[in-house]
There are 2 protein chains.
Amino acid sequence: MYTRPLARLIEQLQHLPGIGPKSAQRLALYILKRPEEEVKALAIALMEAKTQVGLCSVCFHLSADPICEICRSPNRDSNVLCVVSDSKDVIALEKTREYRGKYHVLGGTISPMDGIGPDQLHIQPLVRRVSQQKIDEVIIAISPSVEGETTTLYVGQLLKPFTKVTRIAFGLPMGGDLEYADEVTLARALEGRRELD
Amino acid sequence: MYTRPLARLIEQLQHLPGIGPKSAQRLALYILKRPEEEVKALAIALMEAKTQVGLCSVCFHLSADPICEICRSPNRDSNVLCVVSDSKDVIALEKTREYRGKYHVLGGTISPMDGIGPDQLHIQPLVRRVSQQKIDEVIIAISPSVEGETTTLYVGQLLKPFTKVTRIAFGLPMGGDLEYADEVTLARALEGRRELD
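Being a predicted model, the structure only gives us computed values, none of them experimental. (Residues numbered from 1 in each chain as written. Chains lettered and ligands numbered in written order. Predicted model: local features only at pLDDT ≥ 70, side-chain atom pairs only at ≥ 80, totals over all residues. Heavy atoms only, no water.)

**Thoughts on the overall build of chain A**
Argument step 1. From N to C terminus, chain A includes 8 helices and 6 strands.
Argument step 2. If you list the helices and strands of chain A from N to C, you get α-α-α-β-β-α-β-α-β-α-β-α-β-α.
Argument step 3. Over its C-alpha trace chain A gives a radius of gyration of 22 Å, far above what one expects of a compact globule, namely 16 Å for 197 residues.
Argument step 4. By its C-alpha atoms, chain A is 65 × 45 × 35 Å across when sized along the principal axes.
Argument step 5. When burial is assessed residue by residue, chain A has 42% of its 197 residues classed as buried.
Argument step 6. Within chain A, counting contacts between residues at least 6 apart in sequence, those at least 24 apart form 48% of the total. (Helix = DSSP H or I, 4+ residues; strand = E, 2+ residues; numbered from the N terminus. Rg over C-alpha atoms; globule rule 2.2 N^0.38 Å. Buried < 20%, exposed > 50% of the residue type's maximum accessible area, 1.4 Å probe, protein only. Contact = heavy atoms within 4.5 Å.)

Pasting the structure below:
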C-alpha cells in the first residue's frame, strides 16, 4: 500500500506515544509535502536533543550543560529545594512562575513491582545536598499515587534530621466541583483544611 | 524553561499538523528517554522518506521508484483508471481492497482562489494516457466540495471524447442515520436512487 520509505516512516512515527496508524499516516504524508530543509531541521533537532541533552550533575534535571540553568542562576533561592519525580514536573512548576527556589529530580518513584528501589533513584545525592548545604526547607512535590506516597515518606524520613520537610497540598482543584470530586480527594481536602484569615 | 536542544525539538515538533505545545513537549520528553538508536532510526526514516519518495511518472502517486508498484503490477486491470486528487485517496481506496484497476493522481483540485488552475495539476498527462491507451472506463473519485465538483466536471469534459467517464456515488454513509444527514447529502442520496433488484 505504501512505497517502502513511506512505510518505514509511518512505522517509526507509530512508536511515538499517542500516535496511532491514522495519525502516523497523516503526519508522514504531511512531511513528504514539506520542503527538504524543513524535514532536515526536524531530523537534526531529534538527533541533537537526544545526543546533547543529559542530566544536570547537581539536580538531575534535563540539561545540555553539565550544570543546568536553574542550578547556575544567582536569582534562585538556594535555601529552598523542591523534590520532584520527573523533569516534566520541574517544567510544570516553572510554568506557574510561583517557585523561586531550586529543584532535585529523583528520576522516578520507588516501585518494587517495577524493580525500582531507592538506589535506582537520585536519592543519595539529594541527602548529600541537604546534609552538606544550608537548606531551610525541602518541599516534596510528588503525585499522591501509591508509589508517590511511599517515595514521599521515604525521602521525608531521610531528610528530616537535616531540615524542615514539607509537601505540596492536595485538595479540590481550582474550578473543581465538590459534587464531582472523588472521595479520596475530598477526604484530603477536608484533612488539609485551614482556618480562614 | 527548556534546555536549548530540547526547546528546538519542541519547536520543530510543533510544526507538525495536530501537534500543539503540550503534545510537542510530551513527545520531546518521550524521545529523550528512548535509546539513541531508536531516535536515530526515526531521524533517518524522516530523511529517507523525504529524499527517496517522489511521484510515479505514470500516475503521479507517491513512489520511491520511477514507476509505482500499482502501475507496474501485472495483476491490475489497465483498462480502468480511477482519478483522485491526492495520493492519500489512493491509499484510502486501496484499503477497501475493492478496486483492481489503476490510478491517476491529479495532485489537487482546481481552485482559482489558491492560484491552482488546470495547468498546476496532472491533467494533461491524464488526457494523454486516456487518449493513447485503450481505457474502458475512467472513474472520477473526488470529494464533492466546490473545487472538487469543478475539477470533476472539467476532467469529465476532457475525457468524454475518448472513453466512458463515471464518478463514485454520493449518499447516506453506511450506518448513517437519515435523520441526522445534512440536506445536501440527502438530496444526493435521493438523486442517486437505484431500483431494488
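Let's pick the thread back up.
**Some details on the interface of chain A and chain B**
Argument step 1. Counting from both sides, the interface comprises 49 residues of chain A and, opposite them, 49 residues of chain B.
Argument step 2. In this assembly, chain A packs against chain B so that about 4,600 Å² is buried in total across both faces, 72% of it on carbon and sulfur atoms.
Argument step 3. Interface area lost by chain A to chain B is led by A:M1, A:L46 and A:K50, which between them contribute 14%.
Argument step 4. Applying the counting criterion to the chain A and chain B interface returns 4 salt bridges.
Argument step 5. For A:K33, the salt bridge is made with B:D86, and the minimal N-O distance between the two is 2.6 Å.
Argument step 6. Linking chain A to chain B there are 14 residue pairs in polar contact (both at pLDDT 80 or more).
Argument step 7. Listing elements by their share of the side of chain A that touches chain B, those giving two or more residues are α1 (4-14), α2 (21-33), α3 (36-52), β2 (62-63) and α5 (87-96) of chain A.
Argument step 8. Broken down by element, the residue count for the side of chain A that touches chain B peaks at 15 residues, all from α3(A).
Argument step 9. Here the residues of the side of chain A that touches chain B are counted per class, giving 27 nonpolar, 9 polar and 13 charged. (Buried area = accessible area lost by both parts, 1.4 Å probe. Salt bridge = Lys/Arg side-chain N within 4 Å of Asp/Glu carboxyl O. Polar contact = N/O pair within 3.5 Å; in protein donor to acceptor, adjacent residues only side chain to side chain. Nonpolar A, V, L, I, M, F, W, Y, C, P; charged D, E, K, R; others polar.)

**Description of the relation of the copies chain A and chain B**
What relates the two chain copies is a rotation about an axis together with a slide along it.
Argument step 1. With an RMSD of 0.0 Å, the operation that places chain A on chain B is a rotation of 180° combined with a shift of 0.0 Å along the axis. In short, the pair behaves as if placed about a two-fold rotation axis. It is A:A43 whose C-alpha, among those of chain A, lies nearest the rotation axis, at 2.2 Å.
Argument step 2. Of the residues that chain A buries at the interface, 100% are likewise interface residues in chain B, meaning the two copies contact each other through the same surface. (Least-squares fit on C-alpha atoms with pLDDT ≥ 70 in both.)

**Concerning the sheet that holds strand β4 (residues 101-105) of chain B**
Residues and elements named next belong to chain B.
Argument step 1. Judged by pairing direction, the sheet is parallel, and its 4 strands sit side by side in the order β4-β3-β5-β6 without closing on themselves. Bordering the open sheet on either side are β4 and β6 (164-167), each of which pairs with just one other strand. With direction set aside, neighbouring strand axes in the sheet form an average angle of 25°.
Argument step 2. Packed onto the sheet, helix α5 (residues 87-96) meets β3 (77-84) and β4 and runs at close to 160° relative to β4. (Pairing = 2+ DSSP bridges. Axes fitted to C-alpha atoms, helices over the stretch in contact; angles between N-to-C directions.)

**Some details on the sheet that holds strand β4 (residues 101-105) of chain A**
Residue and element names in this part refer to chain A.
Argument step 1. One open sheet holds the 4 strands; their spatial order is β4-β3-β5-β6, and the pairing between them is parallel. Of all strands in the sheet, those with a lone pairing partner are β4 and β6 (164-167), marking the two edges. Across this sheet, the average inter-strand angle for adjacent strands is 25°, counted without regard to direction.
Argument step 2. Sheet analysis places strand β5 (residues 137-140) next to β6, joined by 4 bridges and oriented parallel. From the neighbouring strand, E137 faces β6, where its bridge partner is K164.
Argument step 3. This element, α5, spans β3 (77-84) and β4 of the sheet and lies at about 160° to β4.

**A look at the pairing of β4(A)**
Successive side chains on a regular strand alternate, one facing one side of the sheet and the next facing the other.
All names here are of chain A.
Argument step 1. The buried fraction of β4 amounts to 5 of the 5 residues, a majority that puts the element mostly inside the structure.
Argument step 2. One ladder, built from 5 bridges, connects β3 with β4; its direction is parallel. Note on β4: the bridge partner recorded for V83 is H104.

**Focus: the side chain of A:Q12**
Argument step 1. Within the secondary structure, A:Q12 is located in helix α1.
Argument step 2. Contact partners of A:Q12, with chain neighbours within four places excluded, come to B:E38, B:A41, B:L42 and B:A45.

**Remarks on the pattern of salt bridges**
Residue and element names in this part refer to chain A.
Argument step 1. Following the criterion strictly, the structure yields 16 salt bridges over all chains and no others.
Argument step 2. A salt bridge links E149 to R188; the shortest N-O distance between them is 3.0 Å. A residue pair is termed long-range when its members are at least 10 positions apart, and E149 in helix α7 (residues 146-159) and R188 in helix α8 (residues 183-191) qualify at 39 residues.
Argument step 3. Members of the salt-bridge network, linked through shared partners, are E149, R167 and R188.

**Focus: the confidence of the model for chain A**
Argument step 1. On average, residues of chain A carry a pLDDT of 94, and 100% of them reach 70 or more.
Argument step 2. Across the interfaces of the predicted complex, the ipTM metric reaches 0.86, alongside a pTM of 0.84. (pLDDT = per-residue confidence, 0-100.)

**Regarding the side chain of A:S63**
Argument step 1. Tracing the backbone shows A:S63 in strand β2.
Argument step 2. Dropping the residues within four chain positions of it, A:S63 is found in contact with A:Q52, A:V53, A:G54, A:L55, A:C56, A:C68 and B:T3.

**Concerning the nonpolar core**
Argument step 1. Within the largest apolar cluster, 44 residues are counted, with the highest numbers of intra-cluster contacts made by A:L13 and B:L13.
Argument step 2. For this core, the secondary-structure elements that each account for two or more residues are α1, α2 and α3 of chain A together with α1 (4-14), α2 (21-33) and α3 (36-52) of chain B.
Argument step 3. In this view, A:L13 contacts A:I19, A:A24, A:L27, A:A28, A:I31 and B:L42; residues no more than four positions away in its chain are not counted. (Core = buried A, V, L, I, M, F, W, Y, C linked by side-chain atoms within 4.5 Å.)

**Structural notes on unusual backbone geometry**
All names here are of chain B.
Argument step 1. Backbone geometry places F60, a non-glycine residue, at a positive phi of 70°.
Argument step 2. You can call F60 buried: its relative accessible area is 15%.
Argument step 3. One non-glycine residue, R97, adopts positive backbone phi at about 55°.
Argument step 4. Its location among the elements puts R97 in the loop between α5 and β4.

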